[in-house]
Amino acid sequence: VITGEQVGERCQALCVHGYHPLYRVVFGIGLAVVTAIPLGLACGWSDWWKSYVYPSFELLRPIPPVAWVPIALIAFASEFLGIVWVVFIGAFFPIFVNTMEGVAQIEPEYARAVKSLGGSKSDLYRHVVIPHTIPSMITGTTIGVGIAWIAVVAAEMLSGGPGLGYVTFQSYRLMDTGVVIVGIIVLGTVGALSSSIIMRTGDRLTPWNDEVKE
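Residues numbered from 1 in each chain as written. Predicted model: local features only at pLDDT ≥ 70, side-chain atom pairs only at ≥ 80, totals over all residues. Heavy atoms only, no water.

Topic: the overall build of the protein
Phase 1 of the analysis: Of regular secondary structure, the protein possesses ten helices and zero strands.
Phase 2 of the analysis: N-terminal to C-terminal, the α/β element order of the protein is α-α-α-α-α-α-α-α-α-α.
Phase 3 of the analysis: Here the protein holds 214 residues, and 39% of them are scored as buried. (Helix = DSSP H or I, 4+ residues; strand = E, 2+ residues; numbered from the N terminus. Buried < 20%, exposed > 50% of the residue type's maximum accessible area, 1.4 Å probe, protein only.)

See the structure below:
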């Protein structure tokens, strides 16, 4: 029989451990966004970038994020940086590929129209490339958030450090099914909220999509 005090202790432990994956995912996703989007724009618009930079990323993209965990934990000085790196790797490629594909789908007529009206390259990027690519960026980021949560849980399980993945796995080893179920529910809820925030942000950044739907 589990007493009320034990339930309280378990809930408190889950809250404490739940804080760790949250800021790791936020930090890793932030790094992925600020690096993957500019690189995706460059590779999608420039033949030089696509020819010389994109192939190197294609060599790394098939590697599962979990496979980076042992190397990351050894290479980085702290457990935090190692897990953030795994999260970053997991989120980077979906954002990068979707951004690049979004740029590739821009009709050439738009670029010619801007040039014929006397627009500069910065005008082309500001008024055509970036607005047209925002939906693809949001799609890639949404996918990246889902992979980031998978990566952070796997990394915490393997690292043996604090985190929701660690406490869930340890509870499984101790046959504490209740904590395992609660941990899974918490992970699913936080992951769904993260994706919802990204999609709502995308809706605010692309108000013209609502006009098209109407």
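Now that the structure has been shown, the text picks up again.
Quick look at the nonpolar core
Phase 1 of the analysis: Residues V86, F92, F96 and V152 are the most contacted members of the largest nonpolar core, which totals 46 residues.
Phase 2 of the analysis: Breaking this core down by element, the ones donating at least two residues are α1 (4-45), α3 (54-60), α4 (69-75), α5 (79-104), α6 (108-116), α7 (121-159), α8 (164-173) and α9 (177-205).
Phase 3 of the analysis: Here V152 is in contact with P21, R24, V25, I83 and V87, once residues within four sequence places are set aside. (Core = buried A, V, L, I, M, F, W, Y, C linked by side-chain atoms within 4.5 Å. Contact = heavy atoms within 4.5 Å.)

As for the packing of α5 against α7
Phase 1 of the analysis: Two elements in contact, α5 and α7, have axes whose closest approach is 7 Å; the angle formed by their N-to-C orientations is 155°. For the element pair α5 / α7, the angle class is roughly antiparallel. The interaxial crossing formed by α5 with α7 has right-handed handedness.
Phase 2 of the analysis: The residue makeup of the contact of α5 with α7, split by class, is 15 nonpolar, twelve polar and two charged. (Axes fitted to C-alpha atoms, helices over the stretch in contact; angles between N-to-C directions. Parallel < 35°, antiparallel > 145°, perpendicular 65-115°, else oblique. Left-handed = near helix turned anticlockwise from the far one by under 90°. Nonpolar A, V, L, I, M, F, W, Y, C, P; charged D, E, K, R; others polar.)

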